[in-house]
Amino acid sequence: MRRGTLRGTGEIWRSPAGAGATTFGWARALGLALVGLLIALPTPTPARAAPIDGIHNIQHVVVIMQENRSFDHYFGTYPGANGIPGGVCVPDPLHGGCVSPFHESADKNFGGPHGAPNFTGDVNGGRMDGFVGQAEHGAKCSGTSPSCSPCTETSTGQCIDVMGYHDAREIPNYWTWAQNFVLQDAMFEPNSSWSWPEHLFQVSGWSATCTSPSDPMSCTSSDNGPPSPDHSATPPQLPWTDITYLLHKAGVSWAYYVFRGNEPDCRSDSSMTCTPKTQGPKTPGIWNPLPYFVDVSSDNQLSSVQTLNNFYTAVQNSGSCGLPNVSWIDPNGTVSEHPTSLVSKGQAYVTSLVDAIMNSPCWSSTAIFVSWDDWGGFYDHVVPPAVDQIGYGIRVPGLVISPYARAGYIDRQLLSHDAYLKFIEDDFLAGQRLDPAADGRPDSRPGVRENATQLGDLSNDFNFNQTPLPPLILPTHPAPGPASNPPGYVPPGSGGAASAGSSGAPRASNASAPPPPPTSGVSAASAAAVLQLTVSVAGQEHLRRHHDRVSLVVGCNVACTLDAGGQLSLARHGRHLRLRAMRVTLDAHRSHHILLGLSRRSLHALLGALRAHRPVTATVQLVARGIGGGAQSYQASIRLR
């Protein structure tokens, strides 16, 4: 489907669903141990116009859970979102003064402790100003002690990285998905502590300790979870009910895909460093809780906990989607984004998962939910709302990717990861809840999280009457995107008011409720007046892959006119070879695939240089001008081969 107005000799292409089959060397691209595994993905199936059965158009739910990032850390300067307010400065108890949020360009981050005591310290009675002090809390020790922080191993000055934020310069694909699908800016961790209880909530809507491994009525709520799996002489047995019990009883297929590797979260609620533990489909850990549940083994469902290889096998099924109805995907330490794992490796891994679904028959009937399990000690300005004695936790990012997602929509409903269970139950179980009074397997949970009055409804993130969105294939290793406006940025002519498009909503009183009403939600176009250009481009690409053209994915948060051009580093008679310039008009919040070509003579010279193994770099200049005013420029460099 062509979009926009073309002038000149360039082309614009919106990732058509009829694109040919691709070879997807994801393991090699990520530099992981599974070297040599190449997965040939079939031609993606175009999404059809939705029939009248609403939510049931979603036949496959995929939950991709990453690790340890707060909302403000990743989307605090996203246009239109409830991002970092201007004027924030968090006290630095160790060095004096205070630390303001700053752009963090480093791929490796340190974060801070994130157990239940650290949640209390970070929130600090609603002031949201304890983050630096908590990161410095372990300043007197190093190593694997649960009270130590990696940021103190060389200098406590590194602990201020909890106040750093990323934008499209480091995470262009995450921002591109937000721009083209749905960003949730009021998604909270379900519990106010660390990974282990969060993963229990993710599959069961509860975290508890039990006095009897066989009696679900012996359990009481616990924010830290039951004894950590690898600190016990015998594996824990969790007797309360998880969602797979209801899925199995209803004949709904499911899988929990485990990526072989290491998990670094130490089995301790506030630990910052630890000895990694090998993780695999038969090796349960804090990110892989289902094998501990008694009902999983009694239902003979342990085989549904599988290696991630099986996920790729399922999506490449050529006849129809081979995925089960419900999938959870669990990372390994390398690609988890858990500090100190690299942000770029996590983004590449998640991109490989999403691209695989988009390039398969599964795309037309799938909803992908991407989130991060806890805040990892990183700053967020929104006071978490209380739903019960152990939740909610600090705000985390949330994305919804689907052909039926409301493109460019910012969902302001109050949400937690409990909403994933609610959506699964509404889609596949006719609204049956994990309710001990009605699910046929009573336990002693104090309430039904999916029925919390505060909890929003993920179905609001979909429009089943719209023309289904085609796949948007992104590079796994994109070049940096453009800079965002910093917190507190005041656009020219605004009369001194801070822009919601640069720093989120003006800072509210610490006592105010963070989310708008559950039914609310805004298009970023209506909330953001400041032009924001987003670019996703591979740092290196094969020229033949795009028919001897240079490829970029671009977009604007408001309707804009984009001028694109550039040159190659290959000199010919003392002059650079120029790329053919183009101008295109872009719709708001819709990314587009741009292809920049060369003249026949220039292409001949370029191919000759590549055959001679001489390095060639394309430098692309982009200038976006908003229809209502404002401009933003960006330059990208791409190594060609």
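Please refer to the structure placed before this passage.
Residues numbered from 1 in each chain as written. Predicted model: local features only at pLDDT ≥ 70, side-chain atom pairs only at ≥ 80, totals over all residues. Heavy atoms only, no water.

Participant: Describe the pattern of salt bridges, listing the residues and the values that go with them.
Facilitator: Taken as a whole and judged by the stated rule, the model has 11 salt bridges. For Arg395, the salt bridge is made with Asp380, and the minimal N-O distance between the two is 3.0 Å. Linking Arg395 in the loop between β19 (366–372) and β20 (398–401) with Asp380 in the loop between β19 and β20, this pair joins segments that are 15 residues apart in sequence. The partner of Arg445 in a salt bridge is Asp443, and the shortest N-O contact between them spans 3.0 Å. One network of salt bridges, with partners in common, ties together Asp72, Asp380 and Arg395. (Salt bridge = Lys/Arg side-chain N within 4 Å of Asp/Glu carboxyl O. Helix = DSSP H or I, 4+ residues; strand = E, 2+ residues; numbered from the N terminus.)

Participant: Lay out the side chain of Arg445 with the relevant residues and their values.
Facilitator: Positionally, Arg445 belongs in the loop between α11 (418–428) and β23 (478–479). Of the residues examined, Arg445 reaches a relative accessible area of 7% and is grouped as buried. Only 3.0 Å separates the side chain of Arg445 from the side chain of Asp443, close enough to count as a polar contact. When residues no more than four places from it in sequence are discounted, the contact partners of Arg445 are Ser204, Gly205, Trp206, Trp240, Thr241, Leu434 and Pro436. (Buried < 20%, exposed > 50% of the residue type's maximum accessible area, 1.4 Å probe, protein only. Polar contact = N/O pair within 3.5 Å; in protein donor to acceptor, adjacent residues only side chain to side chain. Contact = heavy atoms within 4.5 Å.)

Participant: Requested: an account of the environment of Asp223, with residues and values cited.
Facilitator: The topology assignment puts Asp223 in the loop between β13 (219–221) and α7 (243–249). Asp223 gets classed as buried once you look at its relative accessible area, which sits at 13%. Sequence separation between Asp223 and Pro190 is 33 residues, and the spatial gap between their C-alpha atoms is 9.9 Å. Apart from residues lying up to four places away in sequence, Asp223 is in contact with Ala116, Asn191, Ser192, Ser193, Pro197 and Ile390. Of note is the side chain of Asp223, whose polar atom sits 2.6 Å from the side chain of Ser192.

Participant: A description of the environment of Ala605 should follow, citing residues and the corresponding values.
Facilitator: Considering the arrangement of structural elements, one finds Ala605 in helix α14 (residues 600–611). Given a relative accessible area of 12%, Ala605 falls into the buried group. The sequence separation of Ala605 and Leu577 amounts to 28 residues, and the corresponding C-alpha distance is 8.8 Å.

Participant: How would you sum up the environment of Phe311? Please name residues and give values.
Facilitator: With respect to the element layout, Phe311 can be found in helix α9 (residues 308–315). Separated by 55 residues in sequence, Phe311 and Tyr256 place their C-alpha atoms 9.4 Å apart. Setting aside residues no more than four positions away along its own chain, Phe311 makes contact with Tyr257, Leu323, Ile329, Leu353, Ala356 and Ile357.

Participant: Explain the pairing of strand β18 (residues 326–330) to me, using residue names and the numbers behind them.
Facilitator: Of all the 5 residues making up β18, 5 are buried; the element is thus mostly covered by neighbouring parts of the structure. Side chains of β18 alternate between two faces, with Val326, Trp328 and Asp330 and Ser327 and Ile329 buried alike. Here 4 bridges tie strand β5 (residues 60–66) to β18, and the two strands are oriented parallel to one another. What sits directly across from Val61, in β18, is Val326. (Pairing = 2+ DSSP bridges.)

Participant: A description of the pairing of β19 should follow, citing residues and the corresponding values.
Facilitator: Taking burial as the measure, the 7 residues of β19 include 7 buried ones, the bulk of the element. What you see with β19 is no split at all: Thr366, Ile368, Val370 and Trp372 on one side and Ala367, Phe369 and Ser371 on the other are buried throughout. Alignment of β5 against β19, held across 7 bridges, turns out to be parallel. Residue pairing for β19: Val61 is matched across the bridge by Ala367. Bridging between β19 and β20 involves 4 bridges; their strand directions are antiparallel. In the sheet register, Ile368 faces β20, and the bridge partner there is Ile401.

Participant: Lay out the packing of α9 against helix α10 (residues 343–358) with the relevant residues and their values.
Facilitator: In contact at an axis separation of 9 Å, α9 and α10 are set at 30° when each is read in the N-to-C sense. Here α9 lies roughly parallel to α10, going by the angle between them. As for the relative orientation of α9 and α10, their crossing is left-handed in sense. On the side of α9, the interface is formed by Leu308, Phe311, Tyr312 and Val315, while α10 contributes Tyr349, Ser352, Leu353, Ala356 and Ile357. (Axes fitted to C-alpha atoms, helices over the stretch in contact; angles between N-to-C directions. Parallel < 35°, antiparallel > 145°, perpendicular 65-115°, else oblique. Left-handed = near helix turned anticlockwise from the far one by under 90°.)

Participant: So, the packing of helix α5 (residues 172–180) against α10: which residues are in play, and what are the values?
Facilitator: Viewed as axis vectors pointing N to C, α5 and α10 meet at an angle of 45°, and their least axial separation amounts to 9 Å. Here α10 runs oblique to α5, going by the angle between their axes. In this structure, α5 contributes Pro172, Asn173, Tyr174 and Trp177 to the contact, and α10 contributes Gly346, Gln347, Val350, Thr351 and Val354. In the contact of α5 with α10, the residues fall into 5 nonpolar, 4 polar and no charged. (Nonpolar A, V, L, I, M, F, W, Y, C, P; charged D, E, K, R; others polar.)

Participant: For α5, give the residues involved together with the corresponding values.
Facilitator: With 9 of 9 residues buried, α5 lies mostly within the body of the structure. Along α5, the residues that are buried comprise Pro172, Asn173, Tyr174, Trp175, Thr176, Trp177, Ala178, Gln179 and Asn180.

Participant: Can you lay out the packing of aromatic side chains for me, pointing to particular residues and giving the numbers?
Facilitator: Evaluated as defined, the whole model comprises 26 aromatic pairs. With a centroid separation of 5.3 Å and an interplanar angle of 75°, the aromatic rings of Phe131 and Tyr379 are classed as edge-to-face. Highlighted residues: Phe131 in helix α4 (residues 131–135) and Tyr379 in the loop between β19 and β20, separated in sequence by 248 residues. A relative accessible area of 1% means that Phe131 is categorised as buried. Site record: aromatic cluster; members linked through ring pairs are Phe369, Tyr404, Tyr420, Phe423, Phe462 and Phe464. One residue, Arg406, lies across the ring of Tyr409, its end atom 3.9 Å from the ring centre. (Phe/Tyr/Trp six-rings, centres within 6.5 Å; stacked < 30°, edge-to-face > 60°. Lys NZ or Arg CZ within 6 Å of the ring centre and 35° of its normal.)

Participant: Got a sec to walk through the nonpolar core? Specific residues and values, please.
Facilitator: Counting 106 residues, the largest nonpolar core has Phe75, Phe311, Trp328 and Phe369 as its most contacted members. Looking at this core, the element that brings in the most residues is α10, giving 8 residues. Leu562, Ile594, Ala636 and Ile638 belong to the second largest nonpolar core, which has 36 residues in total. (Core = buried A, V, L, I, M, F, W, Y, C linked by side-chain atoms within 4.5 Å.)

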